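# Descriptive structure summary
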Amino acid sequence: MKASVIVFPGSNCDRDAAVALERAMGAAPQMVWHGDSELPKSDLILLPGGFSYGDYLRSGAMAAHSPIMREVVRRAEAGTPVLGICNGFQVLTEAGLLPGVLMRNATLRFICKDVRLRVERDDTAFASHYKKDEVVRIPIAHKDGCYFADPGTLYILENEGRIAFRYCEEDGAITDAANPNGSTGNIAGIYNDTSTVLGMMPHPERLIDPAQSGTDGAKMFSSLVETLH
Amino acid sequence: MSGAADVKPETPSLSEELVAEHGISPEEYERLLEELGREPTLTELGVFSVMWSEHCSYKSSRVWLKKLPTSGSQVIQGPGENAGVVSLGDGQAAVFKMESHNHPSYIEPYQGAATGVGGIMRDVFTMGARPIANMNALRFGSPSHPKTRHLVAGVVSGIGDYGNCMGVPTIGGETNFDPRYNDNILVNAMCVGLVDANRIFKSAAKGVGLPVVYVGSKTGRDGIHGATMASAEFDESSEEKRPTVQVGDPFTEKLLLEACLELMNEDVIIAIQDMGAAGLTSSSVEMADKGGVGIDLDLDLVPMREEGMTAYEMLLSESQERMLMVLKPGSEPVAERIFKKWELDFAVIGKTTDTGHFVARHNGVVEADIPLPALAHAAPIYERPYETREKLPTIAPQDVTAPPSILSALERLIGSPHLSSRRWIYEQYDHMVMADTVQRPGGDAGVVRVHGTDKGLAVSCDVTPRYCAADPFEGGKQAVAECWRNLTATGAKPLAITDCLNFGNPERPEIMGEFVGAIEGMAEACKVFHFPVVSGNVSLYNETNGVAIPPTPAVGGVGLIANIAEMANMALKADGDVILLLGL
Amino acid sequence: MKARITITLKPGVLDPQGKAIEGALHALGFGGVEGVRQGKFIEVEVAESDPTRAREEIERMCKQLLANTIIENYAYELEAA
Amino acid sequence: MKARITITLKPGVLDPQGKAIEGALHALGFGGVEGVRQGKFIEVEVAESDPTRAREEIERMCKQLLANTIIENYAYELEAA
Ligand SMILES: Nc1ncnc2c1ncn2[C@@H]1O[C@H](COP(=O)(O)OP(=O)(O)O)[C@@H](O)[C@H]1O
């Protein structure tokens, strides 16, 4: 399996994502500079977290126009799986690969902490090692993670089963108290209409080995490797 | 260089007020005239004022700082460079330093704290290290003071936004409240970086005729000393010429970090220095002085953000996210390519010389021409008088009235701002980015894994100002000891400390007494523990209307955990475990 | 020419910043305040001196980058620089 | 009454956002663009219907909360709601 991690100016979870991929794949992914217009052959494209362009103007807005994104969009439309984590999710919405937007957290503050997620689907390349309705612990670290979409879009997302993860209580209950950032429907991650593009605010790459105090994130990478090898 | 004729500008006699507004005393001015052999130009006066300032020259503290032990087999670089360096074994080293940004944070809490974090990270990556952990030690006024809430919110989000954007985890710190900080809050930021021990970069510009290179952001009128406004040269109606608050740009700093580390992989840098306080002046003077050479700057070549800036303003500007480097001749294109890739400014703005002078030209005029020793070594050093305050009486336990009930006492303690949870603060800091945080904030020390190894670096910031106020010597000792304990509590072997000595006005003997006492106490503890000081910072004059802050010698320690599998933490692990109380 | 662009959230889009400001204004004693909304204000100078073409250019900038038209509206004024 | 308040960085104050937006516009092919500055735009409704008193109220809001007068300027227009 060949994976590419896109590096934008201001990306800062690119190394973390590469470490997680390498651990799962047994080989290092290719790091691709945003200014390149050529993307090597890839079975998976990962847009990492960070603050591309400082998150100035709107998170992800400027990165969405980087030269490499034209190629990412083309590949995504041709079916190559794309995973956007945190800032990567913001870039995917700004680039139009996923619907909706990520707005300022309801608290208006940056939040870094572990949250519980309920796995809504286990039939995708990203989540096959999880079980539907399983509750996992994954950290978030963002200021703009409040997912918003118009009612029509939300209706489609819900009806087509395109919600990937929701913020939840330890027992899986979807409550306001478990919602860290005000996201509509406690949405933490969504798929595109072919379930090949996933955007999520939580950082699975930060909990992949016991020294980090948890491994719930590792299954995402092992799912991908098993499905895409 | 343009080879411009050495035209000297008109040198009108500088008024006494102007000299005083530059913080130069009449005796210091006499000394300046002697060193220079003539009257300074306004630009030269500005240069002297920053180089001879307390901040740059350590004129009140230097004699006492010598008391701190600074050596040990683990020490690779003690005080004197941008940051201290200790060995971690296996050819790796930790680079760290703590610095204050107190006054700017009181004026504009968000930007002041943000630029403080930016500055300390530059100190660390200038040495070739990738920053891997940040800490911060904060002191605010009374929680009920009308300004406190605003200051806390601004400082915390400023620290968070800068560190988060840089992608460096903030893994701990400390926070105190005391009414004596009402008008003088303290914002001390610490950064720890990781470097290969054989790839450490320093600031001595050794060699003549070498290109002096400016990189990073453009220069604007940020943070220029207020005294400039008094000068007749400025048109007071011109709002645009007002010196302005420094605004941080963490995005540019992130690019600067990556570009510098990329260039450091090429073998072309002879010396590098970040532009911190007193920007272009102190960085070029320090590099030239350490290298034993002269330096010639052509200010026309400095990348500018605003039009019409004078030499004075350019030399004193504190615009952030800038670096000065001396390169091997001929390597400019290599460096330029890298900085252009990262979309940063790059300009050759001068060269090293054999004149032993600091020379700055602008528009064909020599605006400053000063022998370097006058700036670097002739700076006055004071042995200020000090008096040791009488010790406060010891309180005997039986004289203290017992609380009505243990439970209510406990409630009061837990509910007090001094002991309440700091989660509200550290959740605003990304403490997990880089994916190597193995002990998050909330424990005794933060711990990050040394990337790709089983080793861990434990970091802790400590001081209890209350103790220092009661007895500076014991308080200084205690700060070092607490830091030592916090590190050892994770299973780390403490290696060395950095410090940030925050005090009131040193011209008052009782304040100087606090300073002396705290240093002597710290020195004693450091000796006993073999816990040397490898870097640090002094912040004096933290007082308003005669009310000084409590003596606050913040200590930041770093320790090494050989194998993180054996690390200890605070969590109680299982029912039925035995709890032991150790110590006196 | 110089453009002064205001970007505002569409009606119906939640505005936590505006709400927080409103709360803070109430706390400061500005009781009668309501309907606070926060947007962006961007100034841009374009080389184009023909108003019609300048307008077109600004429109494109807004649509492509400056505003996220899913949630935001934009408006602008042009003046000779 | 309704106030439309624009808050801008004082001249000379570094505007990292404006700088980054300018860079992005250049990369998108808007070559002639310069002097990009980003500020805030805030809409507020006040109960006060007397323009003079409404102005006073808005001034106080700007000074006390909406603008950070150390680095920002503010300006506003009032209109009947
Ligand atoms: N300003 C801060 N930034 C980050 N973490 C902080 C800050 N202040 C306190 N903390 C964290 O909160 C915890 C409790 O702080 P404190 O009560 O000051 O510590 P101590 O146990 O050393 O007295 C510690 O883990 C500390 O690292």
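Residues numbered from 1 in each chain as written. Chains lettered and ligands numbered in written order. Predicted model: local features only at pLDDT ≥ 70, side-chain atom pairs only at ≥ 80, totals over all residues. Heavy atoms only, no water.

## Focus: the overall build of chain A
In terms of helices and strands, chain A carries five helices and 11 strands. Taken over C-alpha atoms, the radius of gyration comes to 16 Å for chain A, in line with the 17 Å a tight globule of 229 residues would show. Along the longest, intermediate and shortest principal axes, the C-alpha atoms of chain A span 45 × 35 × 35 Å. Taking the contacts inside chain A whose residues are at least 6 apart along the sequence as the reference set, 75% of them involve residues at least 24 apart. Of the roughly 7700 Å² that chain A leaves accessible, carbon and sulfur atoms contribute 48%. (Helix = DSSP H or I, 4+ residues; strand = E, 2+ residues; numbered from the N terminus. Rg over C-alpha atoms; globule rule 2.2 N^0.38 Å. Contact = heavy atoms within 4.5 Å. Areas by Shrake-Rupley, 256 points an atom, 1.4 Å probe, with all protein chains shown as cover.)

## Side note on the nonpolar core
Note on soluble globular proteins: their nonpolar side chains tend to be buried together. With 152 residues, the main nonpolar core has L83 of chain A, F339 of chain B together with I5 and L66 of chain C as its most contacted residues. Leaving out residues up to four positions away in the same chain, F339 of chain B has contacts with V215, L256, A259, C260, L263, M325, L344 and F346 of chain B. Of all hydrophobic cores here, the second largest spans 61 residues; its members include I497, C526, V555 and L560 of chain B. (Core = buried A, V, L, I, M, F, W, Y, C linked by side-chain atoms within 4.5 Å. Buried < 20%, exposed > 50% of the residue type's maximum accessible area, 1.4 Å probe, protein only.)

## A closer look at the relation of the copies chain D and chain C
Rotating chain D by 180 degrees about the axis while translating it 0.0 Å along that axis superimposes it on chain C, leaving an RMSD of 0.1 Å. Here the copies are linked by what is in effect a two-fold axis. Of the C-alpha atoms belonging to chain D, the one lying closest to the rotation axis is found on K40 of chain D, 2.2 Å away. (Least-squares fit on C-alpha atoms with pLDDT ≥ 70 in both.)

## Here we look at the interface of chain D and chain C
Chain D puts 29 residues into the contact, and the matching count from chain C is 29 residues. The junction of chain D with chain C conceals about 2600 Å² of combined surface from both sides, 65% of it contributed by carbon and sulfur atoms. Across the contact surface, chain D and chain C share zero salt bridges. Connecting chain D to chain C are eight residue pairs in polar contact (both at pLDDT 80 or more). Broken down by secondary-structure element, the contributors of at least two residues to the side of chain D that touches chain C are β1 (2-9), α1 (16-27), β2 (34-45) and α2 (51-66) of chain D. (Buried area = accessible area lost by both parts, 1.4 Å probe. Salt bridge = Lys/Arg side-chain N within 4 Å of Asp/Glu carboxyl O. Polar contact = N/O pair within 3.5 Å; in protein donor to acceptor, adjacent residues only side chain to side chain.)

## Details of the sheet that holds strand β11 (residues 345-353) of chain B
Residue and element names in this part refer to chain B. In space, the seven strands of this open sheet follow the order β8-β10-β7-β11-β9-β12-β13, with mixed pairing throughout. The strands lining the two open edges of the sheet, one partner per strand, are β8 (269-274) and β13 (365-371). This sheet shows a mean twist of 20 degrees between the axes of neighbouring strands, independent of strand direction. Packed on one face of the sheet, helix α9 (residues 250-264) meets β7 (211-216), β8 and β10 (322-327) and runs near 10 degrees to β10. (Pairing = 2+ DSSP bridges. Axes fitted to C-alpha atoms, helices over the stretch in contact; angles between N-to-C directions.)

## Here we look at the environment of D430 of chain B
Relative to the helices and strands, D430 of chain B is located in the loop between α15 (423-426) and β14 (437-439). Sequence separation of D430 of chain B and Q74 of chain B is 356 residues, and the distance between their C-alpha atoms is 30 Å. Setting aside anything within four residues of it in sequence, one finds D430 of chain B in contact with F110, C112, A141 and R206 of chain A together with N164, V168, P169 and T170 of chain B. A distance of 3.0 Å separates the side chain of D430 of chain B from the backbone nitrogen of M432 of chain B, its partner in a polar contact. Polar side-chain contacts of D430 of chain B include one of 3.0 Å to the backbone nitrogen of V433 of chain B.

## Notes on the site of the ligand
Residues and elements named next belong to chain B. Around the ligand, 14 residues are found, and the nearest of them are N136, G173, T175, G442 and G443. A distance of 3.1 Å separates an oxygen atom of the ligand from a polar backbone atom of G173. Within the backbone of G442, one N or O atom sits 2.7 Å away from an oxygen atom of the ligand. Protein chains bury 79% of the 550 Å² of accessible surface belonging to the ligand in isolation. Counting residues per element, the ones that place at least two in the shell around the ligand are β4 (130-140), β5 (170-177) and α15. No other element matches the four residues that β5 contributes to the shell around the ligand. (Near = heavy atom within 4 Å.)

## Details of the UniProt feature "active site" (unreviewed entry) in chain A
Residues annotated in UniProt with the feature "active site" (unreviewed entry) correspond here to C86, H203 and E205 of chain A. Spatially, the listed residues are clustered: although they cover 120 residues, their C-alpha atoms lie within 11.0 Å of one another. Considering the arrangement of structural elements, one finds H203 of chain A in the loop between β11 (197-200) and α5 (218-228). Relative accessible area serves as the criterion here: at 1%, H203 of chain A is assigned to the buried category. When sequence neighbours within four positions are dropped, the list of residues in contact with H203 of chain A reads C13, G49, I85, C86, I138, P139, I140 and A141 of chain A. Within the structure, H203 of chain A has its side chain in polar contact with the side chain of E205 of chain A (distance 2.8 Å). Examined against the element boundaries, E205 of chain A turns out to sit in the loop between β11 and α5. Residues within four places of E205 of chain A in sequence aside, it is in contact with C13, D16, A17, A20, I85, Q212 and F221 of chain A together with A435 of chain B. (UniProt positions renumbered as here; feature names shortened; annotations may be inferred.)

## Side note on a negative patch on the surface
All names here are of chain B. Taken together, E27, E30, E34 and E35 make up a surface patch of like negative charges. Relative to the helices and strands, E27 is located in helix α2 (residues 26-36). In this structure E27 comes out as exposed when scored by relative accessible area, which is 57%. (Patch = residues over 30% accessible without salt bridge, like charges linked within 9 Å, V, L, I, M, F, W, Y side chains within 5 Å. Lys, Arg positive; Asp, Glu negative; His and termini not counted. Charge placed at Lys NZ, Arg CZ, Asp CG, Glu CD.)

## Re a nonpolar patch on the surface
Residue and element names in this part refer to chain B. Among the surface-exposed residues, L407, L410, L413, I414 and L419 lie close enough to one another that they form a single nonpolar patch of about 510 Å² accessible area. With respect to the secondary-structure elements, I414 resides in helix α14 (residues 406-415). Residue I414 is classed as exposed on the basis of its relative accessible area, which comes to 53%.

## With respect to the interface of chain A and chain C
Buried accessible area, meaning the area lost when the parts come together, often serves as the stated size of an interface. Taken together, the contacts link 14 residues of chain A with 16 residues of chain C. Buried area between chain A and chain C, summed over both chains or domains, comes out near 1200 Å², and the portion from carbon and sulfur atoms is 71%. Applying the counting criterion to the chain A and chain C interface returns one salt bridge. Between E72 of chain C and R58 of chain A there is a salt bridge, with the nearest N and O atoms lying 3.7 Å from each other. Taken together, the connections running from chain A to chain C amount to five residue pairs in polar contact (both at pLDDT 80 or more).

## Remarks on the side chain of Q212 of chain A
Note on placement: Q212 of chain A falls in the loop between β11 and α5. Take Q212 of chain A: its relative accessible area is 4%, and that puts it in the buried class. Reaching out from Q212 of chain A, the side chain makes a polar contact with the backbone nitrogen of I208 of chain A at a distance of 2.8 Å. Once residues lying within four places of it in the same chain are set aside, the contact partners of Q212 of chain A are E205, R206 and L207 of chain A together with A435, T437, R440 and R449 of chain B.

## Quick look at the packing of aromatic side chains
In this structure the tally under the stated criterion is 13 aromatic pairs over all chains. When the centroid spacing of 6.0 Å and the interplanar angle of 85 degrees are considered together, the rings of Y56 of chain A and F251 of chain B count as edge-to-face. Here F251 of chain B lies in helix α9 and Y56 of chain A lies in the loop between β3 (44-47) and α2 (67-77), a pairing that spans two chains. One residue, R121 of chain A, lies across the ring of Y191 of chain A, its end atom 5.1 Å from the ring centre. Lying across the ring of W33 of chain A, K341 of chain B places its NZ or CZ 5.1 Å from the centre. (Phe/Tyr/Trp six-rings, centres within 6.5 Å; stacked < 30°, edge-to-face > 60°. Lys NZ or Arg CZ within 6 Å of the ring centre and 35° of its normal.)

## Quick word on the state of the cysteines
Residues and elements named next belong to chain B. Under the counting rule described, the total for this entry stands at zero disulfides over all chains. The thiol of C260 is unpaired, and the distance to the nearest cysteine sulfur, on C191, comes to 14 Å. The exposure class assigned to C260 is buried, which follows from its relative accessible area of 1%. Take C461: it sits in no disulfide, and the sulfur closest to it among the cysteines is that of C483, at 7.4 Å. (Disulfide = S-S within 2.5 Å.)

## Examining the packing of α2 of chain B against helix α3 (residues 42-51) of chain B
All names here are of chain B. Taken N-terminus to C-terminus, the directions of α2 and α3 make an angle of 115 degrees; their axes are 12 Å apart at the nearest point. Of the two possible hands of crossing, α2 and α3 adopt the one that is right-handed. In this structure, α2 uses Y29, L32 and L36 to contact α3, whose residues at the interface are E44, L45 and F48. Counted by class, the contact of α2 with α3 contains five nonpolar, no polar and one charged residues. (Left-handed = near helix turned anticlockwise from the far one by under 90°. Nonpolar A, V, L, I, M, F, W, Y, C, P; charged D, E, K, R; others polar.)

## Points about the packing of helix α7 (residues 109-126) of chain B against α9 of chain B
In a packed pair of helices, the relevant descriptors are the angle between the two axes and the axis-to-axis distance. Residues and elements named next belong to chain B. Running from N to C, α7 and α9 point in directions that differ by 5 degrees, and their axes come no closer than 10 Å. Classed by the angle they form, the pair α7 and α9 counts as roughly parallel. Across the interface between the two elements, G118, M121, R122, F125 and T126 from α7 touch E253, L256, L257, C260 and M264 from α9. The class makeup of the residues in the contact of α7 with α9 is six nonpolar, two polar and two charged. (Parallel < 35°, antiparallel > 145°, perpendicular 65-115°, else oblique.)

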